[in-house]
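Per-entry structural report
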Amino acid sequence: MLVGTGEADMSAAHYDSYTEARAHLKDLLDAAERGRVATIRRDSATAALVDVDRMRHFLASIIPSRAEVVSEAGGWSVFIPGLPVAVDGSSFDEAIMEMVDALREYAEDWQERLLDAPNHRDNWGLVQLISFSDDQQLRDWLVGAAR
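These numbers were taken from a predicted model, which means no experiment stands behind them. (Residues numbered from 1 in each chain as written. Predicted model: local features only at pLDDT ≥ 70, side-chain atom pairs only at ≥ 80, totals over all residues. Heavy atoms only, no water.)

Right, let's get into the side chain of Asn123. Tracing the chain through its elements places Asn123 in the loop between helix H4 (92-114) and helix H5 (124-132). Classification of Asn123 as buried rests on a relative accessible area of 17%. Not counting chain neighbours up to four residues away, the residues in contact with Asn123 comprise Leu83, Tyr106 and Trp110. (Helix = DSSP H or I, 4+ residues; strand = E, 2+ residues; numbered from the N terminus. Buried < 20%, exposed > 50% of the residue type's maximum accessible area, 1.4 Å probe, protein only. Contact = heavy atoms within 4.5 Å.)

Set out below in structure tokens:
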């Protein structure tokens, strides 16, 4: 069922079945793009449809990178406590870009096999942030640049 009947008064888009949502896919996408609530119920589960840019901005604002950068032996090391990710580079920028690549590899591994591991399952938000970000956005997030 769609709550609201038109562009001006549409407050949310809720559909109680996959079939109903499929028939109103444009309404769901329009609602999500505008930042409105858009949900689909299937059996006992409800899923939300959210615009990627909005979700990325939100995740970047609530998930600190916690990246630690150390200058050592003429190079730079970057690691994130609690993640099995650490890199080295001959320059600061090289080390940060290596960390971007390492985070992408971690996100792939998480999707393939780590999502149910007890010490990784809570990294869902981080994996979404990585997946929704381009390299420059991830770099900025790592170094704490303005969003």
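Its location among the elements puts Gly82 in the loop between strand S6 (75-79) and strand S7 (86-89). Relative accessible area serves as the criterion here: at 71%, Gly82 is assigned to the exposed category. Separated by 39 residues in sequence, Gly82 and Asp43 place their C-alpha atoms 36 Å apart.

The next subject is helix H2 (residues 25-33). Taken together, the buried positions of H2 are Leu28, Ala31 and Ala32. The buried residues of H2 all sit within an arc of 95° when viewed along its axis, so they share a single face. Turned more than 90 degrees away from the buried face of H2, the exposed residues are Lys26 and Glu33. In this structure, the buried residues of H2 make contact with strand S2 (12-15), helix H1 (18-23), strand S3 (37-42) and helix H3 (52-62). (Arc of directions from axis to C-beta.)

The next subject is the pattern of salt bridges. Following the criterion strictly, the structure yields four salt bridges and no others. For Asp30, the salt bridge goes to Lys26, with nearest N and O atoms at 2.6 Å. Here Asp30 and its partner Lys26 are both found in helix H2, four residues apart, which amounts to about one turn of the helix. On the basis of relative accessible area, Asp30 is assigned to the partly exposed category, the value being 26%. By relative accessible area, Lys26 is classed as exposed at 58%. Between Asp109 and Arg113 there is a salt bridge whose closest N-O contact spans 3.7 Å. (Salt bridge = Lys/Arg side-chain N within 4 Å of Asp/Glu carboxyl O.)

So, on to the confidence of the model for the protein. Residue-level pLDDT values for the protein average 90, and 92% of them are 70 or greater. Considering only residues more than four positions removed or in separate chains, one finds that residues 1-9, a stretch of pLDDT under 50, has 19 contacts. (pLDDT = per-residue confidence, 0-100.)

Pairing of strand S5 (residues 68-72) with S6 involves five bridges; the strand directions are antiparallel. Following the sheet pairing, Ser71 is matched in S6 by Trp76. Hairpin connection between S5 and S6: a loop of two residues separates the two successive antiparallel strands, and Ala73 in this loop has a positive phi of roughly 50°. (Pairing = 2+ DSSP bridges.)

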